[in-house]
Amino acid sequence: MYEKKGIPKERILIKLPATWESILAAEILEKEGIQCNLTLIFSFVQAVACAQRGAHLISPFPGRVLDWYKAKEGRTEPTEPENDEGVVMCKKIYNYYKKFGHDTICMPASWRPSRGPGYETDEILALAGTDRMTIPAPLLEKLEDSDENIPRVLDPGTAKSCDEKELGNGMLHEKEFRYLLNMDGCGNDKLAEGLRAFIAETEKLEEIIRAKVHQSSH
């Protein structure tokens with residue numbers, strides 16, 4: 001369809017939620033030369049399965065991971081960035097990818113101030129050096145206005161010496177993926193929440209399209 005419009009496959013990036021079914025769909029698309037962005041990454045096992053199946057890009061959400069843990073544990077006190085559960089997860093993903101030679105791009109998005117108001121760039125700075133980031137304009141402005149030195153935290157050289165063990169002997173299968181995801185409370189809960197939001201927005205779009213089609217036919 002896109003090729004008929006003169007748009008090459010290289011310009012297309014398909015966004016999919018990181019369920020087991022979508023990860024397998026991405027594997028097929030990637031083999032056909034269509035790159036995929038696997039989103040709603042809230043657990044380590046999702047990220048590993050995406051890389052093992054050849055996904056081009058993943059979007060883990062450190063801020064929403066922190067939200068889940070704070071709500072679950074009733075925490076109101078500040079969290080040091082290095083102890084922020086979302087930061088810990090993204091670091092683990094980055095290190096794993098570099099250690100085991102995965103080319104999948106780790107691009108975190110959705111940020112929270114680990115230490116509370118006034119520290120809005122905590123998670124960004126704690127993950128400096130990751131492959132890419134999605135950063136909203138207000139946070140980019142804060143970074144631009146800051147005189148603070150930004151040291152590189154994540155580095156491919158040091159990542160390769162991390163102590164992460166390879167999951168699934170290099171290829172997770174459905175049974176192990178579902179077990180590990182179900183055992184990850186945050187990953188399981190936030191993925192389901194994200195899917196419900198996706199479905200709700202899709203239904204809104206379908207209703208708008210139906211209304212416009214109905215109007216045009218009268």
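Look up: the structure comes first, before these words.
None of the values given here were measured: they were computed from a predicted structure. (Residues numbered from 1 in each chain as written. Predicted model: local features only at pLDDT ≥ 70, side-chain atom pairs only at ≥ 80, totals over all residues. Heavy atoms only, no water.)

1. Brief notes about the packing of helix α2 (residues 44-52) against helix α8 (residues 174-182)
In contact at an axis separation of 8 Å, α2 and α8 are set at 155° when each is read in the N-to-C sense. What the angle tells us is that α2 and α8 run roughly antiparallel. Between α2 and α8, the residues in contact are Val 45, Gln 46 and Ala 49 and Phe 177, Leu 180 and Leu 181, respectively. (Axes fitted to C-alpha atoms, helices over the stretch in contact; angles between N-to-C directions. Helix = DSSP H or I, 4+ residues; strand = E, 2+ residues; numbered from the N terminus. Parallel < 35°, antiparallel > 145°, perpendicular 65-115°, else oblique. Contact = heavy atoms within 4.5 Å.)

2. So, a negative patch on the surface
On the surface, a cluster of negative charge is contributed by Glu 141, Glu 144, Asp 145 and Asp 147. Along the chain, Glu 141 turns up in helix α6 (residues 137-145). (Patch = residues over 30% accessible without salt bridge, like charges linked within 9 Å, V, L, I, M, F, W, Y side chains within 5 Å. Areas by Shrake-Rupley, 256 points an atom, 1.4 Å probe, with all protein chains shown as cover. Salt bridge = Lys/Arg side-chain N within 4 Å of Asp/Glu carboxyl O. Lys, Arg positive; Asp, Glu negative; His and termini not counted. Charge placed at Lys NZ, Arg CZ, Asp CG, Glu CD.)

3. Brief notes about the environment of Glu 73
Within the fold, Glu 73 resides in helix α3 (residues 62-73). Judged by its relative accessible area of 43%, Glu 73 falls in the partly exposed class. Side-chain polar atoms of Glu 73 contact the side chain of Arg 75, separated by 2.9 Å. (Buried < 20%, exposed > 50% of the residue type's maximum accessible area, 1.4 Å probe, protein only. Polar contact = N/O pair within 3.5 Å; in protein donor to acceptor, adjacent residues only side chain to side chain.)

4. Here's the deal with helix α1 (residues 20-31)
For α1, with 12 residues, the first-to-last C-alpha span of 17 Å sits near the 16 Å given by 1.5 Å per residue. Among all positions of α1, only Trp 20, Ser 22, Ile 23, Ala 26, Glu 27 and Glu 30 are buried. The buried residues of α1 occupy an angular sector of 160° when the element is viewed end-on, so they sit on one face. Where α1 is buried, its residues meet β1 (13-17), β2 (35-41), α2 and α8. Following α1 by one or two positions, Gly 33 adopts a phi angle in the positive range, close to 85°. (Expected span 1.5 Å × (residues − 1). Arc of directions from axis to C-beta.)

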